[in-house]
Amino acid sequence: MRLRSLFVGTAMAALFGAGVAFAQQAANCLTAEDATAIKARMLQTELMVATLSCRRAQSHEADYNAFMDRHSVELRRYNQVIQQHFGRVGGGNPQRRYDSFTTALANDASNRSLASADFCDHTHKLFATVAAIQRGRLGDHMTEMSRAGSLRTGEQCGRDPAMQFALAR
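As a starting point, this report considers the structure included with it. Bear in mind that the values here come from a model prediction, so they are computed numbers and not experimental data.

Once that is clear, we can look at the overall build of the protein. A tally of helices and strands in the protein yields seven helices and zero strands. Seen in sequence order, the protein has helices and strands lined up from the N terminus as α-α-α-α-α-α-α. A burial count over the protein gives 36% of its 169 residues as buried. Accessible surface for the protein amounts to roughly 10200 Å². Of this, 55% is attributable to carbon and sulfur atoms.

Scanning the entire structure with this criterion turns up one disulfide. Here Cys54 pairs with Cys120 through a disulfide, and the sulfurs are 2.1 Å apart. Taking the torsion about the S-S bond as the criterion, the Cys54 to Cys120 disulfide, at about -95°, is left-handed. Here the residue Cys54 occupies a position in the loop between helix H2 (32-53) and helix H3 (61-88), and Cys120 occupies one in helix H5 (residues 119-131), the gap between them amounting to 66 residues. Assessed through its relative accessible area of 17%, Cys120 is described here as buried.

What follows is about the environment of Leu138. By the element assignment, Leu138 lies in helix H6 (residues 138-148). In sequence terms Leu138 and Ala37 are 101 residues apart; their C-alpha atoms lie 9.8 Å from each other. In this structure Leu138 touches Ala40, Leu43, Phe67, His71, Glu74, Leu75 and Ile133, once residues within four positions along its chain are discounted.

A few words on the packing of H2 against H3. Interaxial distance between H2 and H3 falls to 8 Å at its minimum, and their mutual angle equals 140°. As summarised for this structure, H2 and H3 are arranged oblique, according to the angle between their axes. Between H2 and H3 lies a crossing whose hand is left-handed. Across the interface between the two elements, Glu33, Asp34, Thr36, Ala37, Ile38, Ala40, Arg41, Leu43, Gln44, Leu47, Met48 and Thr51 from H2 touch Glu61, Tyr64, Phe67, Met68, Leu75, Arg77, Tyr78, Asn79, Val81, Ile82, His85 and Arg88 from H3. Taken together, the residues of the contact of H2 with H3 sort by class into 13 nonpolar, five polar and six charged.

Mapped onto the elements of the fold, Ser59 is located in the loop between H2 and H3. With relative accessibility at 59%, the residue Ser59 sits in the exposed group.

With their axes 9 Å apart at the nearest point, H2 and helix H4 (residues 94-115) run at an angle of 45° to one another. By the criterion of interaxial angle, the relationship of H2 to H4 is oblique. Crossing of H2 against H4: the hand is right-handed. Facing Ile38, Arg41, Met42, Thr45, Glu46, Val49 and Ser53 of H2, the residues of H4 in contact are Tyr98, Phe101, Thr102, Leu105, Ala106, Ala109, Ser110, Arg112 and Ser113. Partitioned by chemical class, the residues of the contact of H2 with H4 number eight nonpolar, five polar and three charged.

Moving on: the packing of aromatic side chains. Scanning all chains against the criterion turns up one aromatic pair. Centre to centre, the rings of Phe86 and Phe101 are 5.6 Å apart; their planes meet at 55°, and the pair counts as tilted. Separated by 15 residues along the polypeptide, Phe86 in helix H3 and Phe101 in helix H4 bring together distant segments of the chain. Here Phe86 matches Phe101 in class, with each residue buried.

Okay, the pattern of salt bridges next. Tallying each qualifying case throughout the model produces five salt bridges. For Arg88, the salt bridge is made with Asp34, and the minimal N-O distance between the two is 2.6 Å. Of the two residues, Arg88 sits in helix H3 while Asp34 sits in helix H2, which places them 54 residues apart along the sequence.

Cut-offs applied
Residues numbered from 1 in each chain as written. Predicted model: local features only at pLDDT ≥ 70, side-chain atom pairs only at ≥ 80, totals over all residues. Heavy atoms only, no water. Helix = DSSP H or I, 4+ residues; strand = E, 2+ residues; numbered from the N terminus. Buried < 20%, exposed > 50% of the residue type's maximum accessible area, 1.4 Å probe, protein only. Areas by Shrake-Rupley, 256 points an atom, 1.4 Å probe, with all protein chains shown as cover. Disulfide = S-S within 2.5 Å. Contact = heavy atoms within 4.5 Å. Axes fitted to C-alpha atoms, helices over the stretch in contact; angles between N-to-C directions. Parallel < 35°, antiparallel > 145°, perpendicular 65-115°, else oblique. Left-handed = near helix turned anticlockwise from the far one by under 90°. Nonpolar A, V, L, I, M, F, W, Y, C, P; charged D, E, K, R; others polar. Phe/Tyr/Trp six-rings, centres within 6.5 Å; stacked < 30°, edge-to-face > 60°. Salt bridge = Lys/Arg side-chain N within 4 Å of Asp/Glu carboxyl O.

Dropping the structure here:
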């Protein structure tokens, strides 16, 4: 009887340990909500860079301000989701990693704006697309964009899955 109790106890401990290891690994993976939040932040950054970079070609300041006014509640919530992601995923100061993430997004968009002759034309079309997104529906739009992408959530895991996901084009 004692041997059976020892076996059951050992098996339960192994299952608990495996469950904890799985939970820790899952905590280091991108969730669907993380992906939606990241896509929303990427879109906001793209529009911001276009507003600043494409002034000669066309002025998007009013369009950008309208986008921010219409979706500010969602964008604030998504930024909180991203910050929570960096708090959940280990590897240093979460605020510093969030700041590095947002800087990397802006630098990526800025570099593309400098390297591409049609960046302003592309973002002009993007502004037209986002103008049609109704208040409170930004998340639905971002989810559709995530589904259309080649990366699926849960596949980006490790120390900086948000950065991997955002910068993999």
